[in-house]
Structure formats: C-alpha cells, structure tokens
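# Descriptive analysis of the structure
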Amino acid sequence: MSLTPQVSTEGTLPSPARTGSVILGRQDYLSVLLRLIGMELYKLRHRTMSRVLGILAFAIALIVFLLVSLGTFFVLNTPPETFTSCQGQGSQPTNCSQLSAAQLAQNKQDLLQTVSEPLRLPDSLNIIVQVALPLGAILIVILVGSMAGGEFSLGTVRLMFTRGPTRTQFLLAKVGATLVCTVIGVLLMSITGILAGQLLNFASGIGQNFNFFSAGWSMCLPPCSIGLFMPLLPSSLALWGDQRWQV
Amino acid sequence: MQENNEALLQSDIVISTSRLTKAFGKLIAVNDLHLQVMRGDVFGFLGPNGSGKTTTIRMLLGLIRPTAGRAVIFGMDVIQHMPSILPRIGAIVETPVFYPYLSGMDNLHVVGAASGMVSGKANQRRIDEVLELVELHAQAKMAYRKYSLGMKQRLGIAAALLTDPELVLLDEPTNGLDPAGMFEIRQLIQRLAALGKTIFLSSHLLNEVQQVCNRVAILQKGNLIKQGNVSELLRGSEQVLVRLNTSEETQQAKLILQEAKERGADWLRAVHVQIDRQGQPTLRIDAPKSCSTEINALLARNNLFAAELHPYEGSLEEIYLQLTTPSIPSGTRIGMAALAGSGTIAQQPEPIPTIETVSEGKGGTR
C-alpha cells in the first residue's frame, strides 16, 4: 500500500476496439472543424432566440420598405392639381395656374417615379444595404453574444472542452457558424426587402426595368450563389461527417 | 522475467500522476499527488469537500493546468497529448450541464458531434443504447430544462458513455439520485467494470464506493493520505467485540490477550476496554474477525467464557472518518455499528481515542 507509486514511463497504451454502434467520423483538423460548425448550427437551429431574431430580421426588412412606400402611397392619393410645379426660373416665376391637366398629371407621374424608385431594383438593394443591414448587424451581434457567452454562463463549455477538440477548434467553429448566420441573415433580409419592394411597387403602376443589369452585375452572381448554398450548409456538413472512418 | 513483469505492469497503468500539484494563489488545492490507476480498476477517489478531488479530475481532463508535477493517461502526458487522450475518456465533472433548450437526445447528438462521432442519424443506435442504459429513453425528447436532478445526472452518465470510452471519470455521479437511482448507477458501474472499463469514481457515498470499488485513494486538504486495495484496508480494520460477565473477568481477559500478543500472536493488533450502554465493560479487540474462534478458545483455556462475541467487519466509512476526521472517536462509531447489529453494545459515554493512538506496540497485520 504505497503512497508513492512509480510513474509510468512513456509508451502509449493501445486503444481497445469500441462497440460497433459507435461510428466515428474523420478526425483530421478540417473535418473536426466542419463537424463542430455543423454542431453549432444545429444548436442555433433549435434555439428560440435564433427564430425570434430571424423573425425580427424579416420584420425589419418589411417595415423599412413599408416606410419607404409611404411616399409612393402619399403621391398616389394626392390629386394632380397639387402638382403645380411652381419652380421659379431665375427671378421670373412661372404662372402655375396656367398648367394644363396633362402637365399636372405628368408632374404627378414624374414625382411618383422618383418617390417609388427605392422600391425597385437596383435602388431597393441600396436601401437594404444602407438601412436594413445595419439593423440586421445588431441582431447578429446579439446572436453571437448569446452563442459564445451562453456557453460560459450555462457551464456547457466544460462539457465541450472534455470531448476532444481543441479550444481553437471550438472558437473557429463559432466564427464559422457566425459567418454562416450572417450570410443567411443578409440573404433573408435582401430577399425579403426585394420582394416587399416589388410587391409595394405594384401600387405605383411603374414596371421593373432591368436595363441596369450590366456585365458588372454578373460579378455578384458567384457570391450570391454561395450565399444561396449557405442554408444548406448544416446538412452538407452532416454529409461530410457521414464519410465513416473507424478509429 | 522480473523486467517483463514490470513492463506488463507499466502497460496496465491507465492513470499515473507524479508530484501533481495545483495552487490557486496561496491556496494549495492539490499537493504532491501520486496516484496510480490500473486498467480495469474501479478506483474510488474519496475526500471531504474541498479536499481537491474535483481539482484533480479537472487537471486530468486538461481543464486546468497543474502548477507542478505531471499526469500521464494511457502512457501520454496530459498537457502534451490531450487531444489524443480525451476521445478515449468519458467524464462527468461536478454537476453535468447541457443545453437547456435541447432535448436529452439532441444534447447527445451535440455531444456526439463534439466527440468525433458522425453527425445526423448514423449514431442514433448508439444514442438509443446509452439512453436505454440510463433509463432515459422515455424522456429522450423532453427538453433538458424540464429534467429532474436525477435525470440530468443520468444524462451526464449517458454522455460520458456515448463513445464507449476505455476510461470513465465520474465526479459524484449519484448526486441528486434517489436510493433506487443510486442502486442503478452502482449496477451500471459494475457492468462497465465487467466489460473491462476503467472507472475513476469520486464520491462521498462511502457505502457505494465500498461496494463497487476495488481500489481507493483518500485525499485530505489536497494531500493523499491513503491509497490501496479496499479489501486490504477493510481487513486492517476488522475487530472482535467480546463481553464477559463481570468487570474482573474483562480486565483478566485483557491481560491474557496482551500476554498472548507479547508471546508472538501477531494477528492481535490491540486490545481495549469500553463500557456499553448497560454500564458493562466490553473488550474491543483489533484482530481479524476470522480469529474469533481463536480468541474464544484462548479465553476458555483460562476459564473465561464470553457471554457475547461479535466478529466485526470494518467499513470504508469508518476508515475514512478515522483518517479524515480524527476528532470523532473510533469507539463511538464501532459502538453504534455494533448496536445496529446486535442491540447489546451502546454508544460509549466517554470518547475513546483512535485505534492508532491506543495500539500497544506495533503488532503487524496478519
């Protein structure tokens, strides 16, 4: 009954075979990292907060375009007589009362065209980038904060750190999951904004013109395609993990 | 041949620590710890609250770095090879905590993915197996936040066993469990041990430890005060309680036994006299219970006939309390235990010193 047993010399003990029902995935750095990103997304998908933030992002995009469309509806519901366009030319103001009904209608249409421009592409994208996405960034900050901080406040970080992957891998997995969430959020808000703008634009009666679409815009296609792929990432990661490798 | 045996012994060491020390500022939580756990051991890790058990487990799992010394698991240094060691270990550290918004099954999916198991439904069979093992299958889809303390504890054990690890570290696994739950965990540990798993069990429940562990280590204030086989420890604490008809006979018997010890009866460690509830003196003889017949015969040869004779098997609890709480007199504990068994010997009115301090001479164990 010794209190000071000898410490074993180096020489790794062989690992006995595990039960057949345990199916391990690839254990290289990248595979572990991808699996952890999938795990983070799995957790996020099951969180009520993620759903609430998603709904908020959707609502923000919708509200921004509803606010933008207020001008259009105001112009639509204003009688043409109001659009006298009494802009002075130098020191000699024109006689507003002399404008014909056709000129007044044209004035109204011109103003409607201008006011409803943000509802149509490409200006709607500009509205999304300048107004909706900064608000969406706040939601992402909230999500990331709870994703990382929650692990420490709940104490689950201890559970994760005793399972094998390194702390760096866990951190990178959270960064990866954040990127995926950001892309999904941007896509959600952009698509919602564009669709909402188009729907609201019907009221103006001015059709969408795709003349703006030039060769330069085709540069946006690859990142957009990647973005569209992102919602499928969790299941793609699972497929990667299914390349079974018994160790 | 001896070298071969040593090599074989080395290859069977699963956990080995050498001068392992952890200090938090001026507080030394673990001091100079030498532990050795062999393959297939069910190793009980005992100690009062704050004795450094959880700190040791946290060092073994790489959650904190030792201030000095080293720990070796599966022949690999814990600090240098932690990523290779952890997939071979299943652990519960303190109260297990999971994601409250996920169900028990979803939590196991997450733990599985973090443990290197493939995602998706591929490991559903294994998850079902461990849930069945801890009898949580019926509540598998219930949110973790709705689990009772016992269910949380069982889910922790399920998570620890998920990857079918070789070494299972359990820190107070029966916390919050009812007696039936404790019994199930005890059976589970015995089943795992039968499968050849090495179990490192930190617990306060000494009765549980005594029933399932083959080896124990006892910590106090960060220092290792005892390490060894449970059976050896228990054998060293066996006693025989003898009540004679009169005080004179009792004193006479004591002298006879002490003489026998001096003449070379090395199985006789010490002889004490204590007073029972009826105010009658009783002989407490520190000797293996298998020597009861020998004691009876020795007394009978000297015309002393025992009115009562109780072979008494020590318990781990008694050894533990004796080592960690010397202020509690050992005679009190034995008196209470014997009372529970026979109803004749009562609690000692005056404290009796511990066995070590009363022992006359250094009679070796048998």
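Now for a look at the structure at hand. (Residues numbered from 1 in each chain as written. Chains lettered and ligands numbered in written order. Predicted model: local features only at pLDDT ≥ 70, side-chain atom pairs only at ≥ 80, totals over all residues. Heavy atoms only, no water.)

### Overview of the packing of helix α10 (residues 247-262) of chain B against helix α11 (residues 292-301) of chain B
Residue and element names in this part refer to chain B.
- Viewed as axis vectors pointing N to C, α10 and α11 meet at an angle of 115°, and their least axial separation amounts to 10 Å. Between α10 and α11, the angle falls in the class roughly perpendicular. In this structure, the crossing between α10 and α11 has a hand that is right-handed. Across the interface between the two elements, A253, I256, L257 and A260 from α10 touch I295, L298 and L299 from α11.
- Grouping the constituent residues of the contact of α10 with α11 by class yields 7 nonpolar, no polar and no charged. (Axes fitted to C-alpha atoms, helices over the stretch in contact; angles between N-to-C directions. Helix = DSSP H or I, 4+ residues; strand = E, 2+ residues; numbered from the N terminus. Parallel < 35°, antiparallel > 145°, perpendicular 65-115°, else oblique. Left-handed = near helix turned anticlockwise from the far one by under 90°. Contact = heavy atoms within 4.5 Å. Nonpolar A, V, L, I, M, F, W, Y, C, P; charged D, E, K, R; others polar.)

### Focus on the packing of aromatic side chains
- By the definition in use, this model includes 6 aromatic pairs over all chains.
- Arranged with centres 5.7 Å apart and planes meeting at 50°, the rings of F161 of chain A and F170 of chain A form a pair that is tilted. With respect to burial, F161 of chain A and F170 of chain A carry one shared label: buried.
- With a centroid separation of 5.8 Å and an interplanar angle of 50°, the aromatic rings of Y144 of chain B and Y147 of chain B are classed as tilted.
- Here the aromatic cluster, defined as three or more aromatic residues joined through ring pairs, consists of F43, F45 and F200 of chain B.
- In this structure, R167 of chain A is placed above the aromatic ring of F161 of chain A, and the distance from its NZ or CZ to the ring centre is 4.4 Å. (Phe/Tyr/Trp six-rings, centres within 6.5 Å; stacked < 30°, edge-to-face > 60°. Buried < 20%, exposed > 50% of the residue type's maximum accessible area, 1.4 Å probe, protein only. Lys NZ or Arg CZ within 6 Å of the ring centre and 35° of its normal.)

### Remarks on helix α4 (residues 123-154) of chain A
All names here are of chain A.
- Taking 1.5 Å as the rise per residue, α4 with 32 residues should run 46 Å; its terminal C-alpha atoms sit 44 Å apart, in good agreement.
- When the local axis directions of α4 are compared, the greatest deviation, roughly 40°, occurs at A132, which is followed within four positions by the proline P134.
- Residues of α4 that are buried: S124, I127, I128, A132, G136, L139, L143, S146, M147, G150 and E151.
- Elements that come into contact with the buried residues of α4 comprise α1 (29-45), α2 (48-76), α5 (156-161) and α6 (167-201).
- Downstream of α4 by one or two residues, G155 has phi in the positive range, about 95°. (Expected span 1.5 Å × (residues − 1). Bend = angle between axes of the 7 residues up to and from the residue.)

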